[in-house]
Amino acid sequence: MTQPPRPPHPRVPVAPRTVEHRWEQFYRYGPYVVLTLATLVSAVAAGLLMTRDEMYTAGALVAAAYGLQAWWGRARPRTAPAAPAAVAYYALRTVLAFALTWLNPFFAIYAALGYFDVEPLLPKPAVRVGLLTTAATLAGSQSGGLPPASLMNWVAFGALYGLNAGLALFFWHAGLREVEKARVQAETIAELERTNIRLEEAMAENAALHAQLLVQAREAGVDDERRRLAAEIHDTLAQGLTGIITQLQAVASTRDTDPPTARVHLERAAALARHSLGEARRSVHDLAPAALEHDDLPVALGRTVTGYAERSGARADLTVTGTVEPLHDEVGATLLRIAEEALANAARHSGATRAGVTLSYMGDEITLDVRDDGCGFDPAALPPHSGAGGFGLRGMRARAERIAGTVEIETGPGQGTAVSARVPLVRRT
């Protein structure tokens, strides 16, 4: 029976090799490869360049170089950069490479290792010395061997040494700049990451604050709408019901003795009921008072003053000063409600026989003054608002403050009352 085919063996992913990993491999195995290559090339040319004694000496030095490299391979993993053991290894290897190059110029291949690992092995002040020493060994090889055999060889050695030393120092400094640039970039990236973290934290905090502000704004809007409706109900339903009660009381007192007068009071009560119902509907929908729907503020105030005089029997006059201008609905409604409240208070509490309303257009402001000759009162003796009573003075001030205005009260026992409202003159657009 045939067996089912085995599934293919899963391939284990191989981590990509980094530059640091490749340099690590070179530091571990590179010296062996370079020394072997230098030995093979030198052996090929040994018959032309070396005596028999020099060959034996070179062989001993090559064996010493392999032994040095084997020792360093075991010591290197536990040796810190620029430690004394690392300096000793670099110095011994450089001496061996110089001696081998002295015997055979092709051993300069091995001496070139001094360019590649000088920084991890030597402390920074000694790096320049290591580079210059390696440059001397290579220049000697390139000029025909050490020691130079003639004046021309010495001239070539000097020129080649300058070239090798200059190039070695140039590339070393260039490498230092690249390392510094990489360090700065790494620090910049780290700082940007920290900044991004702080920014994300700030954004999260701002989101929480934004949510909190939305909740507070919603609560403030609810409270503001509640106060608006309370004030509107007080200024419309409460005043209307008070007027209806007054007219019905007059009907009760005159229906037997003076039926025509009772009928007039009854008609006024019905008219007040219809007007109050309409104002209540407008208040719920946040519309302007019916008196301002087709007329401007002076005309609406004139009707309010006339109605107050008819209901209370007191003399009431309206005076308008300045140039009449079309007002924003909110400004007109605020001043009209304040006038209605002030006259209603005069009718209910003061026993005034005369009242005067003055509306003054004053450029960027508009003022409303309502004065009566009633009994007045002591503002300091007013009971605190309990929530069950009216919104009289407090409601007038709240209305004015909603449009950046003010309300001031001047009164005293037996001195009458003066209500003065001052608001910005915002024109209708």
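Thresholds applied
- Residues numbered from 1 in each chain as written.
- Predicted model: local features only at pLDDT ≥ 70, side-chain atom pairs only at ≥ 80, totals over all residues.
- Heavy atoms only, no water.
- Helix = DSSP H or I, 4+ residues; strand = E, 2+ residues; numbered from the N terminus.
- Buried < 20%, exposed > 50% of the residue type's maximum accessible area, 1.4 Å probe, protein only.
- Core = buried A, V, L, I, M, F, W, Y, C linked by side-chain atoms within 4.5 Å.
- Contact = heavy atoms within 4.5 Å.
- Salt bridge = Lys/Arg side-chain N within 4 Å of Asp/Glu carboxyl O.
- Phe/Tyr/Trp six-rings, centres within 6.5 Å; stacked < 30°, edge-to-face > 60°.
- Pairing = 2+ DSSP bridges.
- Axes fitted to C-alpha atoms, helices over the stretch in contact; angles between N-to-C directions.
- Patch = residues over 30% accessible without salt bridge, like charges linked within 9 Å, V, L, I, M, F, W, Y side chains within 5 Å.
- Areas by Shrake-Rupley, 256 points an atom, 1.4 Å probe, with all protein chains shown as cover.
- pLDDT = per-residue confidence, 0-100.
- 1 Å grid on protein atoms, 1.4 Å probe; cavity = no way out; pocket = protein on both sides within 12 Å on 5 of 7 lines; lining within 4 Å.
- Points joined across faces, edges and corners; volume = space filled by probe spheres on them.

A. Expanded view of the overall build of the protein chain. Counting its secondary structure elements, the protein chain contains 13 helices and 5 strands. Looking at the 429 residues of the protein chain, the share that counts as buried comes to 34%.

B. Structural view of the nonpolar core. Within the largest apolar cluster, 36 residues are counted, with the highest numbers of intra-cluster contacts made by Leu 297, Leu 335, Ile 366 and Leu 368. Those elements that place two or more of their residues in this core are helix H11 (297-312), helix H12 (329-350), strand E2 (354-362), strand E3 (365-372), helix H13 (392-402), strand E4 (406-411) and strand E5 (417-424). Examining the composition of this core, we find that 9 residues originate from one element, H12, more than from any other. When residues no more than four places from it in sequence are discounted, the contact partners of Ile 366 are Leu 297, Leu 327, Val 331, Leu 335, Leu 359, Ser 360, Tyr 361, Ala 421, Arg 422, Val 423, Pro 424 and Leu 425.

C. Local environment of the pattern of salt bridges. Under the criterion given, the structure shown has 15 salt bridges. Measuring nitrogen to oxygen at the nearest pair gives 3.6 Å for the salt bridge that ties Arg 28 to Glu 24. Placement of both Arg 28 and Glu 24 in helix H1 (residues 19-44) is noted, with a separation of 4 residues, approximately one turn of the helix. Relative accessible area serves as the criterion here: at 40%, Arg 28 is assigned to the partly exposed category. Given the relative accessible area of 27%, Glu 24 is considered partly exposed. The shortest N-O distance in the salt bridge between Arg 422 and Glu 365 comes to 2.8 Å.

D. Structural view of the packing of aromatic side chains. Summed over all chains, the structure comprises 9 aromatic pairs. Ring plane angle 90 degrees and centroid distance 5.7 Å describe the contact between Trp 23 and Phe 26, whose orientation is recorded as edge-to-face. With Trp 23 and Phe 26 both in helix H1 and 3 residues apart, this pair spans about one turn of that helix. A residue is classified by how much of its surface remains accessible, and Trp 23, at 39% relative accessible area, is partly exposed. Overall, Phe 26 belongs to the partly exposed group, its relative accessible area being 27%. Residues Trp 71 and Trp 72 carry aromatic rings whose centres are separated by 5.9 Å and whose planes lie at 45 degrees to one another, so their mutual orientation is tilted. Owing to a relative accessible area of 34%, Trp 71 belongs among the partly exposed residues under this scheme. Since its relative accessible area comes to 5%, Trp 72 is described here as buried. Ring pairs connect the aromatic residues Trp 23, Phe 26, Tyr 27 and Phe 116, which therefore count as one cluster.

E. Geometry of the sheet that holds E3. In space, the 5 strands of this open sheet follow the order E1-E2-E3-E5-E4, with mixed pairing throughout. Pairing within the sheet leaves two strands with one partner each, and these edge strands are strand E1 (315-321) and E4. Averaged over neighbouring strand pairs, the angle between their axes works out to 10 degrees when direction is ignored. Bridge analysis of E2 against E3 gives 8 bridges, and the strand direction is antiparallel. If you follow Leu 359 over to E3, its bridge partner there is Leu 368. Sitting on the sheet, H12 is in contact with E2, E3, E4 and E5, with an inclination near 10 degrees to E3.

F. Inspection of the pairing of E5 at higher detail. In terms of strand pairing, E3 meets E5 through 8 bridges, oriented antiparallel. Looking at E5, one finds that Thr 367 is bridged to Arg 422. The sheet contact formed by E4 and E5 spans 6 bridges and is antiparallel. Residue pairing across strands places Val 407 opposite Ala 421, the latter belonging to E5. The antiparallel pairing of E4 with E5 creates a hairpin that spans 5 residues between the two strands, and Gly 414 there sits at a positive phi of about 75 degrees.

G. Examining a nonpolar patch on the surface more closely. A contiguous nonpolar surface patch, about 500 Å² in accessible area, is contributed by Leu 151, Met 152, Trp 154 and Val 155. With respect to the helices and strands, the residue Trp 154 is situated in helix H9 (residues 151-254).

H. Fine view of the confidence of the model for the protein chain. Within the protein chain, residue pLDDT values average 81, and 83% of them lie at 70 or more. Across residues 386-390, where pLDDT falls below 50, the model places 2 contacts with residues more than four positions away in sequence or in other chains.

I. Here's a closer look at empty space enclosed by the protein. Applying the stated criterion across every chain yields a total of 3 cavities of 30 Å³ or more. Looking at the largest cavity, the residues that line it are Leu 292, Asp 295, Asp 296, Leu 297, Glu 325, Pro 326, Leu 327, His 328, Asp 329, Gly 332, Tyr 361 and Arg 428. Looking at the second largest cavity, its volume works out to about 60 Å³. Along its surface, the second largest cavity is lined by Tyr 90, Arg 93, Thr 94, Ala 97, Tyr 110, Ala 111, Gly 114, Thr 134 and Thr 137.

J. Structural view of the environment of Val 419. Structurally, Val 419 is set in strand E5. For the pair Val 419 and Val 370, spaced 49 residues apart in sequence, the C-alpha separation works out to 5.1 Å. Ignoring anything within four residues of it in the chain, the contact list for Val 419 reads Ile 338, Ala 342, Leu 368, Asp 369, Val 370, Met 396, Val 407, Glu 408 and Ile 409.

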